[in-house]
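Fold and geometry: a report
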Amino acid sequence: MPSATGTPRVWAVILLGAVSFASKCENIDVTSNEDSFPIETHSLLPPEYPDDVETRISVGSVVQPVDPQPIEFKHDVHASSVEDGGLGMSCEYCHSNARKSKHAGVPPTQTCVGCHSMIDPSGREGLVQLDTYIKESGENYGQPIPWVKVHDIPDFVYFNHSRHVKSGVECTDCHADMSKHGVAVRAPDMTMLMGWCLECHAEHPSVDANYGADADLRRAELKDCYTCHQ
Amino acid sequence: MGDMNRRDFFKVLGTTGAVGTLTACDPRTPVEHIYPYVVQPEQVVPGAPTFFASTCGDCVAACGTVLRHREGRVVFVAGNTESPVGQGGACSVAISATQEAFNADHIGGPQKGGEDVSWDDALAALSAAVSGGSATWLGRYRTGALDRLLGDVAAASGMQRVHWEAFGYESLATASKLAFGIDGVPRYQVAGAHIILSFGADWLNTWLAPVDHQAGYAAARTHEQGGFVAEFVSIEPRVSHTGTKCDQWLKSNPGTEAGVAFALAKLVAEKKGSAMGAESLLSQVDAAAFASAAGIDLAKLDVLATKLAAKPSIIFPGGVTTQGENSTHLALASLVLNLVCGNFGTTVLLGAHTNLGVVSSYADVVKLLEACAAGSVKTLIIDELDPIFTLPAELKVADALKAVPNLFVFTNGSGDTHPENATLLPPGSWLEQWGDAEPVKGHFQIRQPGMAPQHNTMSQGDVLLSVAKSAALVIPSAADTVEGEAEDEAVSSTDTYALGDASAVPGFEAVDFYRYVAGHWADKLFTGDDFAAWWIEVLQRGGFAAAPSEEPEVSLNPELPAPNGGSALSGNTLLFFPHAHLLDGRTANRPSLHEVPHPVSGLTWTTWAEMSPATAQGLGVDKDGHVTVASGGVELGPLNVRVSKGMPDGHVAIPSGNGHQDGGSRYERFGANPVRLLKPAADPVSGAMVYLSSEVTVTKTVLSGADWEKYKRVSLKGSEDMDNRPVVLDAYAPDVVEGKEVELGHGMGVHVVKDPRIEAAGMSYDMYPEPEHPTYRWGLSINLDTCTGCGACEVACNAENNVPMTGPEQHQLWRYMGWIRLDRFWQGEGENPDVRYSMAICQQCAHAPCEGVCPVVATYHNLDGLNAMIYNRCVGTRYCANNCPYSARRFNWHTYRWPEGFELMLNPDVVTREAGVMEKCTFCIQRIRHVKTEARPNTVLSQDVERLTACAEVCPSGSIVFGNRKEADSAVTKLAESPLSYQLFGELNTKNGVEYLAKLTHTKPHHGEAHGGGHGDGHGNADATHGDVGADHGDAGHKDAAQGDEAQGEHHHNHGEDHGSDADKH
């Protein structure tokens, strides 16, 4: 159909549609009015949580593994310094929206292609996996890479990368030194629990650096629930 | 998006760009995925909004809009402050446009007989039919590039064009042509008018350009701007939605308004000593006879004429409710009255007039349908009209359409007009289209899409170009070219902007409607050297204003038909009126417009029959009752009853828009369609449809059991009047203008009883320590005088904050979730309806009663002065809601899911709430966070935040102002210092962040007597008996109310009369 062809404005292909979603244990809907107004039964638990208490407690554990990533992406190879045998890439080369948006962003496949179109994947599993997404003959060509989320911040929390990065918080302050890690994992020392956030909000040196005489006020504001919660 | 499970989508909207979720049942935290782009568009930053200037396509007003885009979707529609039409406001219809695009009942692509067909097949059939000649286009009013393209296609193919809309403007257009020889209808600029007079046009809500009118009305009512407060007189049989804002209602017998207008014109001309060329016309007017036919005292008209002769004014013509057999005469009379009052060139513009494009009449449509039924129309193309729904049943439109061999209907699937033999062509929503409009002569506005089409759709422009190409039509306007190098790919790639070549049809290869629009603008408007730069500026600003045309010298055509004042209709005429949100039914597929209570009646998801208290009593029904309305063998019912003090006895009024019988959308089938009761009749002069055509019989319907449950509806407005509570206070406008000290509410206002002993002892009245607000104290000022009760704020708030739609059954249990409760209090009677609107939201109290009772500190006062609401802490005790004096909190009794498809329109910055959680207005905390983040590292915001909240952003009358009360020169602080400003229930000492500006009235208050009830008298006693004990104050309040109640009955009896005589005096 004719549309604004040749005009790659904002509406590029939205890749969501390419993905099929599974929902194995959704609550049963009690619908009213011929499906016009779906109403769910009362449940104090988020639907994805199982009902029995022991399993719920184990779910709370922070050391559990995450699902395997579709591509064994090695942060250390990309981010560690040239002296250490790495490529010395800045975090923001790939996570390029960290300064602009609430999401740091995961790079589009395009960014990977920039270099990897010239790199021989032979014998390296991760690169062979990547090739299925970037070679026209690959089985996943044209599909987005379905990265598994390592940390999932609850929906009722408002977190903004740009606000932290622009204030002078280093990536490593929260994410540790990824140049020393391969595939991203959920590390036990990085809890993403509220108390852990508040430690920084109370003490981070950037508050003094940015606010000087107002630092105490700013610290009080940073401990306000509405700073992060909805 | 076909494969996606939409219901799951909204759970993860807060995460990066393209995200999905898997909810697996294994005992681990849920696994979520991040789906990055393969190729990321340059302008998209996942997580950050992008804004597009566009133009609304839902009515002829064509207001400028700004679309907020997030991750591939438009999530919010607001007004464009640069647009001369609307000036930054947006109405409920524009705001709800996303519900058209994401509607689950939107057809996925072209269809024939319920089966999907390809665009190629559909277009081939259309091209063949059009090139066969004798095609007819029946559609909405169109301006701009589409109007031009239609003209060219019509010229090249012999296609006939009929442009008509229900509630259209053919009477006014005919009258303008007749009187002044102008093509188009006047533009009404309310701002400069001291006297506003209306004959039934719903100009604040549904008529012509309501958003524009509202901005003007607000200016005319703000004495700081012009040094005056306009007085609004409404002459109509029934107090319309617009009429609820009037200062004086002169009740006319239905059908006689033209006579009143002629009579007034004559009286004004006599007082001014000049009839401005209307001498011969007015000499045929018998003012006394016309006034008597209308049932209006000539002396009252004389008082009004004196004011009209003395001050600048504006006169609106009739509307749907006053559209009788002489509607052209009413329009003509209003124009003549404007002429003798000297309003042309100031408040009524003919040079920069409203442009409607081609205007055909109802009679033309009837003629066309007769030809269809007779089989002489081979090809009919219907452009987003719903004739089956909007035309009387007697015309048998469905049968006529079935007789058309080649029937094509542009529709997204809603409405009743989708016969079996039609090929349905979905044009998509205006949020997804390129286009433009010229709503006012000289003002051009661009429509650019805010997102990719959500379905397999094709706009009318693209379809026409495609048809022209395959039918080898020569389209001269498609040859417009633009020279210049393209810097921006939005305009073109490397080629110049060759838009086709009239002589060589293959030129169409490059043409789509986007380029056609660009070519049209290049041809009509562009004069410089660098088109690319100019075009980008146009796209950024959303439009282009050519120099306003010179106002012509108006001279009245001396040969006008003899004035037809009309005759009064019988006492059981159906008064048909347009629904504030649903218009003629075109927006009935948008659930949020059914969900918000109707601004006046408070009813949702239904059609009601409005009648006067006496009529209701005669029928033996009350507000909980039901009636059946019948005419000519058509029965409508059971309808809910609304008893209104603004109704004439005997008649019954029914709103439009509801009750599609064959509606393509599940949301359209509520209620009933009163058009079915109308008799087909046309005004002989203009061919306009007669809406005052039907005498009806009304019978009481007694429902029981399941039927009662099904048709039971509650008015979410609660009380009919203020029940002696000082909710909306008023002030006498002339006192305000003169700068005299005003007593808000005339004794009904805030009375805080002070006990000298407390101060002497150095004690405080406050139970809590004063909260600290070091940097911000967010506040809102709401002007209850300029608030017109249009409901745009409610729709905007629901869209911005993901407020769930709960549907009719939940409404019966009062489980409406809207954070804004637009209260309507009908205080007066008779000539002074004194209807007061109040936007009730969380008042963000500094001493909030809700905070102290929360056992888990889910709600608390934060440093910015907000009553924060932390959803995940809330355990649902509902203590806070019980303790809130303002009823501002809403409880989630269920986890309300969004109807299928609508998850995509949710705001990704706001979490959705689940069962057991309390929610309320947060002053759009997500927007506050956004501007604070943008402002970093500065501590204090320097940018303008006056329209930051969603309600303030869209308010067409600019009645809502947001800001920081800690800043001495912020607009909200200045408004709070106004003598008209007050806090709701100030005696409760909750120290609110929300301030209200009192309603202004032109009715002189009775000294020492409460304006709306007996409260003032009662209060005097309370001061005397309880004034010395501060702690007794609450008790005293109760006594006030009791005394007020006693006084109320007596008081109300003579209320209307009193004010009527007052109105005479000044």
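Structure's up top.
Residues numbered from 1 in each chain as written. Chains lettered and ligands numbered in written order. Predicted model: local features only at pLDDT ≥ 70, side-chain atom pairs only at ≥ 80, totals over all residues. Heavy atoms only, no water.

Another aspect to go through is the sheet that holds strand S39 (residues 994-997) of chain B. Residues and elements named next belong to chain B. The four strands lie next to each other as S37-S29-S39-S38, forming an open sheet whose pairing is mixed. Each end of this open sheet is capped by a strand with a single partner; those strands are strand S37 (960-964) and strand S38 (981-982). Sheet topology note: the S38/S39 ladder contains two bridges and is antiparallel. When the sheet's bridge partners are listed, Ser981 is paired in S39 with Leu997. (Pairing = 2+ DSSP bridges. Helix = DSSP H or I, 4+ residues; strand = E, 2+ residues; numbered from the N terminus.)

Turning our eyes to something else, we now look at the packing of helix H4 (residues 119-131) of chain B against helix H17 (residues 460-470) of chain B. Residues and elements named next belong to chain B. Running from amino to carboxyl end, H4 crosses H17 at an angle of 65 degrees, the nearest separation of the two axes being 9 Å. Considering how the two elements wind past one another, H4 and H17 form a crossing that is right-handed. Where H4 abuts H17, its residues Trp119, Leu123, Leu126, Ser127 and Val130 lie against Val463, Ser466, Val467 and Ser470. Of the residues assigned to the contact of H4 with H17, the class counts are six nonpolar, three polar and no charged. (Axes fitted to C-alpha atoms, helices over the stretch in contact; angles between N-to-C directions. Left-handed = near helix turned anticlockwise from the far one by under 90°. Contact = heavy atoms within 4.5 Å. Nonpolar A, V, L, I, M, F, W, Y, C, P; charged D, E, K, R; others polar.)

Residue and element names in this part refer to chain B. Residue Pro638 is bonded to the preceding Gly637 through a cis peptide linkage, with omega at 0 degrees. Of note, Pro638 is situated in strand S25 (residues 634-643). Notably, Glu71 is not glycine yet its phi reads approximately 45 degrees, a positive angle. By secondary structure assignment, the location of Glu71 is in the loop between strand S4 (64-70) and strand S5 (73-79). With relative accessibility at 7%, the residue Glu71 sits in the buried group. (Buried < 20%, exposed > 50% of the residue type's maximum accessible area, 1.4 Å probe, protein only.)

Applying the stated criterion across every chain yields a total of 49 salt bridges over all chains. Across the pair Arg642 of chain B and Glu720 of chain B runs a salt bridge, and its minimum N-O distance is 3.4 Å. Taken together, the residues span a long stretch of sequence, with Arg642 of chain B in strand S25 and Glu720 of chain B in the loop between helix H22 (705-711) and strand S28 (730-732) at a distance of 78 residues. On the basis of relative accessibility, which here comes to 28%, the residue Glu720 of chain B falls in the partly exposed class. One salt bridge in this structure joins Asp834 of chain B and Arg836 of chain B, with 2.9 Å as the shortest N-O distance. In this structure, Asp834 of chain B and Arg836 of chain B share a single accessibility class: buried. One network of salt bridges, in which partners are shared, links Lys102 of chain A together with Arg70, Glu71 and Asp909 of chain B. (Salt bridge = Lys/Arg side-chain N within 4 Å of Asp/Glu carboxyl O.)

Without other data, these values stay purely geometric and don't point to any function.
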